[in-house]
Amino acid sequence: MRLNWPLAWVIGAGLLIEPGLVGAADLKIDAAAAAKGQLTFGRYCVSCHGPSARGDGPLANDLRVPVPDLTTLSSRAGGKYPYQRVGRIITNGELVRAHGTADMPAWGDAFKATKGAEEATVAAAIRNLNHYLWSLQQPGT
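What comes next is a walk through the structure. What you see is a predicted model; the values in this text were computed from it and never measured.

**Focus: the overall build of the chain**
Helix and strand content of the chain: seven helices and zero strands. Walking the chain from its N terminus toward its C terminus, one meets helices and strands in the order α-α-α-α-α-α-α. When each of the 141 residues of the chain is scored for burial, the buried share is 40%. Contacts spanning at least 24 positions in sequence make up 53% of the contacts within the chain whose residues lie at least 6 apart. Accessible surface computed for the chain: about 8200 Å², of which carbon and sulfur atoms make up 58%.

**A few points about the environment of alanine 35**
If you trace the backbone, alanine 35 turns up in helix 2 (residues 31–44). Spatially, the C-alpha atom of alanine 35 lies 6.7 Å from that of tyrosine 132, the residues being 97 residues apart in sequence.

**Considering unusual backbone geometry**
The residue alanine 53 is not glycine, and still its phi comes out positive at about 65°. Residue alanine 53 is classed as buried on the basis of its relative accessible area, which comes to 0%.

**What about the environment of serine 74?**
Within the secondary structure layout, serine 74 lies in helix 4 (residues 73–76). For the pair formed by serine 74 and glutamine 138, sequence separation is 64 residues and the distance between their alpha carbons is 8.1 Å. Within polar-contact distance, the side chain of serine 74 engages the backbone nitrogen of tyrosine 81 at 3.3 Å.

**Looking at helix 5 (residues 83–92)**
Those residues of helix 5 not exposed but buried are Tyr83, Val86, Gly87, Ile89, Ile90 and Thr91. Directly after helix 5, the chain includes glycine 93, whose backbone phi takes a positive value near 80°.

**Examining the nonpolar core**
Judged by nonpolar contacts, the single largest core of 20 residues is most densely connected at Phe41, Tyr81, Ile90, Phe111, Leu129 and Leu133. Among the secondary structure elements, those contributing two or more residues to this core are helix 2, helix 5 and helix 7 (119–135). For this core, the element with the highest residue contribution is helix 7, accounting for seven residues. Among all residues touching leucine 133, those that are not within four sequence positions of it are Phe41, Leu70, Tyr81, Val86 and Ile90.

**Some thoughts on helix 2**
With 14 residues, helix 2 should cover 20 Å at 1.5 Å per step; its first-to-last C-alpha distance of 20 Å lies within 8% of that length. Among the residues of helix 2, those classed as buried are Ala33, Ala34, Gly37, Thr40, Phe41 and Tyr44. Projected down its long axis, helix 2 carries its buried residues within an arc of 115°, all on one side. Exposed and oriented more than 90 degrees from the buried face of helix 2 are Ala31, Lys36, Leu39 and Arg43. Structurally, the start of helix 2 carries an N-cap: the backbone nitrogen of alanine 32 is 3.0 Å from a side-chain oxygen of aspartate 30.

**Re the side chain of threonine 40**
On the secondary structure map, threonine 40 appears in helix 2. Aside from chain neighbours lying at most four places away, what touches threonine 40 is Cys45, Phe111 and Leu129.

What counts, and at which threshold
Residues numbered from 1 in each chain as written. Predicted model: local features only at pLDDT ≥ 70, side-chain atom pairs only at ≥ 80, totals over all residues. Heavy atoms only, no water. Helix = DSSP H or I, 4+ residues; strand = E, 2+ residues; numbered from the N terminus. Buried < 20%, exposed > 50% of the residue type's maximum accessible area, 1.4 Å probe, protein only. Contact = heavy atoms within 4.5 Å. Areas by Shrake-Rupley, 256 points an atom, 1.4 Å probe, with all protein chains shown as cover. Polar contact = N/O pair within 3.5 Å; in protein donor to acceptor, adjacent residues only side chain to side chain. Core = buried A, V, L, I, M, F, W, Y, C linked by side-chain atoms within 4.5 Å. Expected span 1.5 Å × (residues − 1). Arc of directions from axis to C-beta.

In structure tokens, the structure reads:
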């Protein structure tokens, strides 16, 4: 995957601005961002992850490996929501055996290709989606 330097810069700048990415313990879920992220999730993620983000979307059975339950990200990361990692995966993807390549969950380029999306909008979409996923974490995580 080719790195898009302007997009990488915007996202990198977000790393400096977004306190959750620099380890601030007092970062809270941004409810407004989460609400916007829910719309993004419905458009881009439901087909695999399902409407409740539990990995039971209509395409999940067509994949070679189970789709992860996104409501357990915190519990699988030792009790703390892995904000940086989730943002990185949304942006750049991660090798997913079900797809054979890192193409699939790399939504940074898809968001950028959305008509009218500016790079700041792409970074906002990723941030919003990250806050939405954070808001779905099961109690105690």
